[in-house]
Amino acid sequence: MAMAAVLAGCGGAGARHSSIHTSVSAPIPGAGSVVGVAVPSLPTNFNPLTPAGDNAVTREVMAGVWPSAFLVNSDFAPTVNYALLSSAELVSVDPQTVVYRIDPKASWSDGVPVSAEDFVYDWHAQDGDPTFTDVGGKPFSAVSSLGYSDIASVSGSNGGKTVTVVFKEPFSDWESLFDPIVPAHIAQKVGWNTGFATFDPAVEVSAGPYAIQSVSGSHVILEANAGYWGSPPDVDRIDLRVIANPSDYPAALASGQVAVAEAPAEVDLVQELSYLSDVDSELVPSLEFEEIDFNERNLFLAQLPVRQAIADATDRNALIAAGPGQLAQFQQFQLPSPDDNHFFVPGSTGTAQATYYKANGSGYDSPHPNQAARLLAGAGFVLGSDRFWHQGSASGPALSFRYTTVESDPFKLAVAQTFQAQMKAAGIQITLVDDTPGQLASDMQSGNYDIAEATRSASPYPSEFLGTYGTQIATPPALVPWPLSQAPAVNQIGYSDPAVNELFVKAIASPDPYDSAGVYNQIDGELWDEMVSLPLYEDSELVAHSTQLSGLDPPNGPNVSGSTLLWDAGQWSLREENASTTTSTARPRVRSASTTARPRVRSASTTARPRASRSAPTTHPRVHQGASTSRPRVLEGA
């Protein structure tokens, strides 16, 4: 018998020493089993491949609705989505050719088969070719043309169930393409750019385990897709409920309004959740990392010795202790080490990220204040009587910068204050600037900052860092003229090196993952030598879920390593229990899932990559480089 659970329950958040919890709420007539999931907002557009829909919430909602050719598994490696495809095979490297075989039963919820037509349309919408246009002759607006612009042809056979993609230029991260797949027969009518801006059940059709049932108020209701050809999900409905403030998560979990919530790890939130006896909480190593970015448009920061001096004066271990070190009070929490790579994070042993990770920046693991002073003196700065460095003479302009961060985040605030104190000791003036997350993104995009703490997202597809480190300076994405493939990409830090651009071209075109990762590590060495930015540490993520919900907690911790928390929601299930209300003595339930890595939102490049021809740069002695080892390539035969 289906049970209604973890939605609209009763009870409170619980006190510090005891908690009142309800295992199962009253049944909801006709609803079956329901799982509530906390989200920060409603989708802005249901097509995540458009700039308007390129956000975490849209991807969360559509993860179980629109299918992708590949999924990211718990080792942070691409794997074929066997619910959609029987195989995806690289059959040739010259020219690079990939053959996808679609499940014969795969169809959209309106009965139209999933076919090669969807692949062809999605290619044209994202390849940057101005000869292909959206409804009304308007240019397609896509988040990225990376990879799609390298495709020469997409063709169908076997009644449209076999798709052959031939590339005109090799693209190493071909598994990143067709993620997700937009229904061509719908988009051709309503439009790619704006046709999915609002919810219409006849428009947002599904080819996944769930379909969107309704969008109203602060809820998006996903319902099991009756036309799904695969194994039906055990959970009948998922209620994505808007809870804007993570501090409200404990009450929502305790009352049964939601059964799943995730948020950046903060001490108070972790502590509150630890006292809920019907909730398991895990501190999961994230694939997000913090870094200090230097805006090279600043006249002082345009000088390499200044950037190097700041890095030499920075004690990254002290910043880590001040920020994430606040979580050290929780059992089994592992304090992260300094992050010594711009592309890969250490993560956990055995993951694809850890396989490729090389500590190329280990020369900055400890501070070198004397070296910082020598660099500044050699660049013409003079230490004044005020103990700060000045340009040219003791009465010249002081070496002073704004440091922009989100002070409402207790970790970021602690890091900012500690960094400010470290720079003062080194003779560098720092003024803290407080931004909201949205304002920080806007300020960095427009160049309105000097130094900023930025959160970057690692990816199983490192080519997506092209727009971060390997491109020319340009206007914000919304102002880049069409076509994207002919426009320079945006680089928020103002860094540009033609030799690094050429290395990106080499890495992206390499058909061998071992060679490609080695080139990315070579690029990383250059970024350290030029001190483009200073990576700090790998973030942790807090995932909390009802103990009634299974499928989210395998032996090594919550299986939340896909692009979104709902990537495998079709495998969730609820344990049937009798409704009861009990009072229990509180006990900590916070676990540290030290072997599970979770990627966050991928930041895709907004343009096609450059194809300039330049010689490779020389290696600098400061950098500790090593050959990258290979992770197995995902090649699935029939």
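One can find the structure itself at the top, above this paragraph.
Okay, so let's go over this structure. Quick caveat, the model's predicted, so the values are computed rather than measured.

Here is the key point about a regular strand: its side chains alternate between the two faces of the sheet. Judged by how many residues are buried, strand β18 (residues 451-457) sits mostly within the fold: six of seven residues are covered. Looking at chain direction, strand β13 (residues 279-294) and β18 are connected through seven bridges and run antiparallel. Note on β18: the bridge partner recorded for E288 is S457. In this structure, strand β16 (residues 400-405) lies alongside β18, joined through two bridges in parallel fashion. Bridged to Y403 within β18 is I451.

Attention now moves to the packing of aromatic side chains. Tallied over the entire structure, the rule returns 24 aromatic pairs. Taking 5.1 Å as the distance between ring centres and 85° as the angle between the ring planes, the aromatic pair formed by W66 and F196 counts as edge-to-face. Here F196 lies in the loop between α3 (184-190) and β9 (210-216) and W66 lies in the loop between α1 (56-62) and β3 (70-72), a separation of 130 residues in the sequence. Taken individually, W66 and F196 each receive the classification buried, so the pair is uniform in this respect. Judged by centre distance (5.4 Å) and plane angle (40°), the rings of Y100 and F119 are tilted. Of this pair, Y100 sits in strand β6 (residues 96-102) while F119 sits in helix α2 (residues 116-126); the two residues are 19 residues apart in sequence, bridging distant segments of the chain. Given a relative accessible area of 1%, Y100 falls into the buried group. With a relative accessible area of 0%, F119 lands in the buried category. Aromatic ring contacts, followed pair by pair, group F343, F344, Y356, F465, Y469, F504 and Y520 into a single cluster.

On to the sheet that holds β6. Within a sheet, adjacent strands bond to each other through the backbone by hydrogen bonds, running parallel or antiparallel. Read from one edge to the other, the open sheet built from four strands follows the order β5-β6-β8-β7, with strand pairing classed as antiparallel. Since the sheet does not close on itself, it has two edges, and those belong to β5 (85-93) and β7 (151-157), each with one partner. The average undirected angle you get between the axes of adjacent strands in this sheet is 15°. Where β6 meets strand β8 (residues 162-167), five bridges bridge the pair, whose relative direction is antiparallel.

On to the pairing of strand β19 (residues 533-546), then. Across the 14 residues that make up β19, a large majority, 13, are buried. Where strand β12 (residues 260-264) lies against β19, five bridges are found, and the strand directions are antiparallel. Along β19, the bridge assignment pairs A263 with L542. Taken together, the twelve bridges between β13 and β19 define a ladder with antiparallel strand orientation. Paired with V284 across the strands is E541, a residue of β19.

Moving on: helix α9 (residues 369-378). Within the span of α9, buried status applies to A372, L375 and L376. Down the axis of α9, the buried side of the element spans an arc of 95°, and every buried residue falls inside it. Along α9, the residues that are exposed and aim more than 90 degrees away from the buried face are N370, R374 and G378. Lining the buried residues of α9 we find α6 (304-313), β14 (381-383) and β15 (389-391).

Parameters at a glance
- Residues numbered from 1 in each chain as written.
- Predicted model: local features only at pLDDT ≥ 70, side-chain atom pairs only at ≥ 80, totals over all residues.
- Heavy atoms only, no water.
- Buried < 20%, exposed > 50% of the residue type's maximum accessible area, 1.4 Å probe, protein only.
- Helix = DSSP H or I, 4+ residues; strand = E, 2+ residues; numbered from the N terminus.
- Pairing = 2+ DSSP bridges.
- Phe/Tyr/Trp six-rings, centres within 6.5 Å; stacked < 30°, edge-to-face > 60°.
- Axes fitted to C-alpha atoms, helices over the stretch in contact; angles between N-to-C directions.
- Arc of directions from axis to C-beta.
- Contact = heavy atoms within 4.5 Å.

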